[in-house]
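Each chain, letter by letter, is given below.
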Amino acid sequence: METPDLLSLTFFRPFSAQAVAPLVAAARWRSYEAGQTVLEAGDDAPEVYLVVQGTLRVTTRSVGGHEIILNELGPNALFGEIAAIDGAKRSAGIVALTKTQLCAIAAGPFMEFALSTRQAALHLMKTLAALVREKDQRIFELSVLATRPRLIALLLRLARPRKAAGMIVSPSRPHHELAAMIGTRREVVTRALAGLQRDGLLEPARGGLILPRPEALRAELAAAWANAPAR
């Protein structure tokens, strides 16, 4: 893969070349194949990572040893920043789902940059605030939504626009993985997907799941939130 310029990464775009110059020497560009482990839970936290290309999965394990899928990360995502701040070990594992390129920056230089100016500090704070909001949203979904709207919310997050029409979730995720993302069982997800297909809201296709009417899915999700118990 071609090595991009640091300023091409979304996180650094608000800054000048002079501002990020100290990080150029600290940046390391790394490539991973699909299925390759990037980090494991319990690892030390010496670096912050930015996703240049590809998709990664964030996982942890329950007390009983069952894998729990916490999130999926795509291009321009940032991870490892919390461990860089508090110095604790990694709380989750990261695995590449597709061929992936990352920019890794040692925690020390990254934090020096983040604390170097008010602009940089505010930028990192806004990034962390967005992460907290996203996690709150996921907790709300698990707490108050039924399985079908939780699955709809997940599919909409995973989907991307299609050239033809609608959206597509690609690569396709096995039912047990979708279940692990929304806190339910595989057979429950299988029934929910079948229901969405019967309603014309989902079409299985080679290499993915097509959402032909994403606006209808968004409307159903909005109705589920409107009818949910008070938060």
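Thresholds applied
Residues numbered from 1 in each chain as written. Predicted model: local features only at pLDDT ≥ 70, side-chain atom pairs only at ≥ 80, totals over all residues. Heavy atoms only, no water. Helix = DSSP H or I, 4+ residues; strand = E, 2+ residues; numbered from the N terminus. Rg over C-alpha atoms; globule rule 2.2 N^0.38 Å. Contact = heavy atoms within 4.5 Å. Areas by Shrake-Rupley, 256 points an atom, 1.4 Å probe, with all protein chains shown as cover. Lys, Arg positive; Asp, Glu negative; His and termini not counted. Charge placed at Lys NZ, Arg CZ, Asp CG, Glu CD. Salt bridge = Lys/Arg side-chain N within 4 Å of Asp/Glu carboxyl O. Buried < 20%, exposed > 50% of the residue type's maximum accessible area, 1.4 Å probe, protein only. 1 Å grid on protein atoms, 1.4 Å probe; cavity = no way out; pocket = protein on both sides within 12 Å on 5 of 7 lines; lining within 4 Å. Points joined across faces, edges and corners; volume = space filled by probe spheres on them. Nonpolar A, V, L, I, M, F, W, Y, C, P; charged D, E, K, R; others polar. UniProt positions renumbered as here; feature names shortened; annotations may be inferred. Arc of directions from axis to C-beta. Axes fitted to C-alpha atoms, helices over the stretch in contact; angles between N-to-C directions. Parallel < 35°, antiparallel > 145°, perpendicular 65-115°, else oblique. Left-handed = near helix turned anticlockwise from the far one by under 90°.

Novice: I'm lost on the overall build of the chain in this one. Help?
Specialist: Looking only at helices and strands, one finds 8 helices and 12 strands in the chain. Here the chain has a C-alpha radius of gyration of 19 Å; the compact-globule value for 231 residues is 17 Å, and the two agree. Principal-axis analysis of the C-alpha atoms places the extent of the chain at approximately 55 × 40 × 35 Å. When contacts within the chain are restricted to residue pairs at least 6 apart in sequence, long-range pairs at least 24 apart make up 70% of them. Looking at the chain as shown, the accessible area adds up to about 12,500 Å², and 54% of this sits on carbon and sulfur atoms. Taking the average location of the 28 positive side-chain charges in the chain and that of its 21 negative ones, the two points are 6 Å from each other.

Novice: Which parts of the structure should I look at to understand the pattern of salt bridges?
Specialist: Close approach of charged atoms allows side chains with opposite charge to pair. Under the counting rule described, the total for this entry stands at 10 salt bridges. Glu72 is the partner of Arg173 in a salt bridge, and the nearest nitrogen-oxygen pair spans 2.4 Å. Of the two residues, Arg173 sits in the loop between β10 (167-169) and α6 (175-182) while Glu72 sits in strand β5 (residues 67-73), which places them 101 residues apart along the sequence. The same class applies to Arg173 and to Glu72, which are both buried.

Novice: What is the right way to look at the layout of surface pockets in this model?
Specialist: Taking a probe equal in size to a water molecule and rolling it over the atoms shows the remaining empty space. The space that makes up the largest pocket amounts to roughly 1,300 Å³. Along the walls of the largest pocket sit 46 residues, with Val58, Asn71, Leu73, Leu131 and Lys135 positioned nearest its centre. Of all elements in the fold, only β5, β6 (78-79), α2 (81-86), α4 (118-144), α5 (147-158) and α6 reach the threshold of two or more residues within the lining of the largest pocket. Considering each element in turn, the lining of the largest pocket owes the most residues, 10 residues, to α4. Of the residues in the lining of the largest pocket, the class split is 24 nonpolar, 8 polar and 14 charged.

Novice: Looking at this structure, how should I read the UniProt feature "domain: HTH crp-type" (unreviewed entry) in the chain?
Specialist: Per the UniProt record, "domain: HTH crp-type" (unreviewed entry) is annotated on residues 145-215. Secondary structure content for residues 145-215 is 49% helix and 17% strand, and the end C-alpha separation is 19 Å.

Novice: Would you mind going over helix α3 (residues 107-114) with me for this structure?
Specialist: The periodicity of an α-helix, 3.6 residues per turn, causes residues three or four places apart in sequence to face the same way. Turning to α3, its buried residues are Ala107, Phe110, Met111, Phe113 and Ala114. End-on view of α3: buried residues confined to an arc of 155 degrees, all on one side of the axis. Buried residues in α3 make contact with α1 (17-24), β3 (47-53), α2, β8 (100-106) and α4.

Novice: Even after reading the chapter, I still don't get the packing of α5 against helix α8 (residues 214-226), so can you show me in this structure?
Specialist: If you want to describe how two helices pack, look at the angle between their axes and the distance between the axes. Between α5 and α8, whose axes approach to 10 Å, the crossing angle comes to 135 degrees. Here α8 runs oblique to α5, going by the angle between their axes. Crossing of α5 over α8 shows left-handed handedness. Of α8, the residues touching α5 (which contributes Arg148, Pro149, Ile152, Ala153 and Leu156) are Pro214, Leu217, Arg218, Glu220, Leu221 and Ala224. Across the contact of α5 with α8, the residue classes break down as 8 nonpolar, no polar and 3 charged.

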